[in-house]
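Here's the letter readout for the chains.
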Amino acid sequence: MRVVLALMWLLHWLPLPILGRLGEGVGRILFTLIPKRKHITLTNLRLCWPDLSEAEREKIAKQHFQMYARSVFERGILWWGSEARLKRLIVVEPKVPLDVINAGPTILMCPHFVCLDVAGVAVMLESSLCSIYTEQRNKVFDRALRRGRSRFRPVKLFSRAEGVKPIIRAMTKDGLPYFMLPDMDFGAKNAEFIPFFGIPAATLTAMPRLATSTGAQIVPVIATMLPNYRGWKVTFHPPWENYPGDDITVATRQMNAFIEQEILKAPSEYFWAHKRFKTRPEGETGVY
């Protein structure tokens, strides 16, 4: 892992067009070399977009592997690039919502697009934050990841096992926005089966529940790649009004519907290699 990190550090000095093309080349190779993830990706695409032809779905899957590998290569810039370089490469639209963050508890809702780490950096260039963190098995990589995610400002990272109380304290006592990634399958606990492209998906209800308990505003943030290797775009959407309302299920469905709309804008950049439909409703067989 030290060799890998040293290589990432060396590569981060390359111009982004070269680094991006290198990552895409590796992604094309991985599409062939990792049949398990290829199968998961194509299964997700068949479930979500049954009207597409198999050739169309395979094209998106190949592009996804390219985009994902590219995001890994480009992560070196996020971890070691200068602040000036990052500000040149990250286009923020319209701006980091510091006015919302400073006004009270805020949840920055960031779905799993491949360059979501760029969204975190865009925030940390201007504000501290808190988030849930999954400790990496490799301790060397774990330390590098933590340093990379907190090198501009102090960041409070909590393990999922700690529960929600530390997050609530950080939001309400310390005034930190909560950078939340709400769209992965963590099992049926604290989740409901909410349609995702028409397929029941175990979806955590934590975001609307947390918004209810803290009075937090929800600000969706989407990170995507700019064309022609010019960098990344981080879009902060307006805070959701009257959210979550009185119905947690309806509020969670609103979240999934929003994510669906954003995926349609950049279909190959969503994290299709994750088993989004791993947990099935009682009586249904597995899809993978």
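Not measured: the values here are computed from a predicted model.

Engineer: What am I meant to see in a nonpolar patch on the surface here?
Structural biologist: Taken together, the side chains of Trp9, Leu10 and Trp13 make up a nonpolar region of the molecular surface, amounting to roughly 380 Å² of accessible area. Mapped onto the elements of the fold, Leu10 is located in helix α1 (residues 2-11). With a relative accessible area of 52%, Leu10 lands in the exposed category.

Engineer: Just to check I follow, could you spell out the sheet that holds strand β4 (residues 155-159) for this structure?
Structural biologist: Sheets are built from strands paired through backbone hydrogen bonds, the pairs being either parallel or antiparallel. Read from one edge of the open sheet, seven strands run β1-β9-β8-β2-β5-β3-β4, paired in mixed fashion. The two strands at the open ends of the sheet, each matched to only one other strand, are β1 (90-93) and β4. Adjacent strand axes in the sheet meet at a mean angle of 25°, parallel and antiparallel pairs treated alike. Bridging between strand β8 (residues 217-225) and strand β9 (residues 232-236) involves five bridges; their strand directions are antiparallel.

Engineer: Got a minute to help me understand the packing of helix α10 (residues 206-214) against helix α11 (residues 248-265) in this structure?
Structural biologist: Each pair of packed helices can be summarised by the angle the axes make with each other and by the distance between the axes. One way to put it is that α10 packs onto α11 with a least axis distance of 8 Å and a crossing angle of 120°. Relative to α11, the element α10 is oriented oblique. Seen along the crossing, α10 lies across α11 with a hand that is right-handed. The segment α10 lies against α11, with Met207, Pro208, Arg209 and Thr212 engaging Ile248, Ala251, Thr252 and Met255. The residue makeup of the contact of α10 with α11, split by class, is five nonpolar, two polar and one charged.

Engineer: I tried to follow α11 on my own but got confused; where do I start?
Structural biologist: For an α-helix, the turn length of 3.6 residues means that residues three or four places apart are oriented alike. The end-to-end C-alpha distance of α11 is 27 Å, a good match for the 26 Å that 18 residues give at a rise of 1.5 Å each. All of the buried residues along α11 are Ile248, Ala251, Thr252, Met255, Asn256, Phe258, Ile259, Glu260, Glu262 and Ile263. Of the surrounding elements, those touching the buried residues of α11 are β2 (106-109), β6 (191-196), β7 (199-204), α10 and β8. By the N-cap criterion, in which a side-chain oxygen at the helix start approaches the backbone nitrogen of a residue two or three places on, α11 is capped by Asp247, the distance to Thr249 being 2.9 Å.

Engineer: Just checking my understanding: could you explain the pairing of β6 for this structure?
Structural biologist: Strand direction decides the pairing type here: β6 and β7, joined by six bridges, are antiparallel. Looking across to β7, one finds that Ile194 is bridged to Ala201. A loop of two residues connects β6 with β7, the two strands running antiparallel in sequence, and Phe197 in this loop sits at a positive phi of about 55°.

What counts as what
Residues numbered from 1 in each chain as written. Predicted model: local features only at pLDDT ≥ 70, side-chain atom pairs only at ≥ 80, totals over all residues. Heavy atoms only, no water. Patch = residues over 30% accessible without salt bridge, like charges linked within 9 Å, V, L, I, M, F, W, Y side chains within 5 Å. Areas by Shrake-Rupley, 256 points an atom, 1.4 Å probe, with all protein chains shown as cover. Salt bridge = Lys/Arg side-chain N within 4 Å of Asp/Glu carboxyl O. Helix = DSSP H or I, 4+ residues; strand = E, 2+ residues; numbered from the N terminus. Buried < 20%, exposed > 50% of the residue type's maximum accessible area, 1.4 Å probe, protein only. Pairing = 2+ DSSP bridges. Axes fitted to C-alpha atoms, helices over the stretch in contact; angles between N-to-C directions. Parallel < 35°, antiparallel > 145°, perpendicular 65-115°, else oblique. Left-handed = near helix turned anticlockwise from the far one by under 90°. Contact = heavy atoms within 4.5 Å. Nonpolar A, V, L, I, M, F, W, Y, C, P; charged D, E, K, R; others polar. Expected span 1.5 Å × (residues − 1). Polar contact = N/O pair within 3.5 Å; in protein donor to acceptor, adjacent residues only side chain to side chain.

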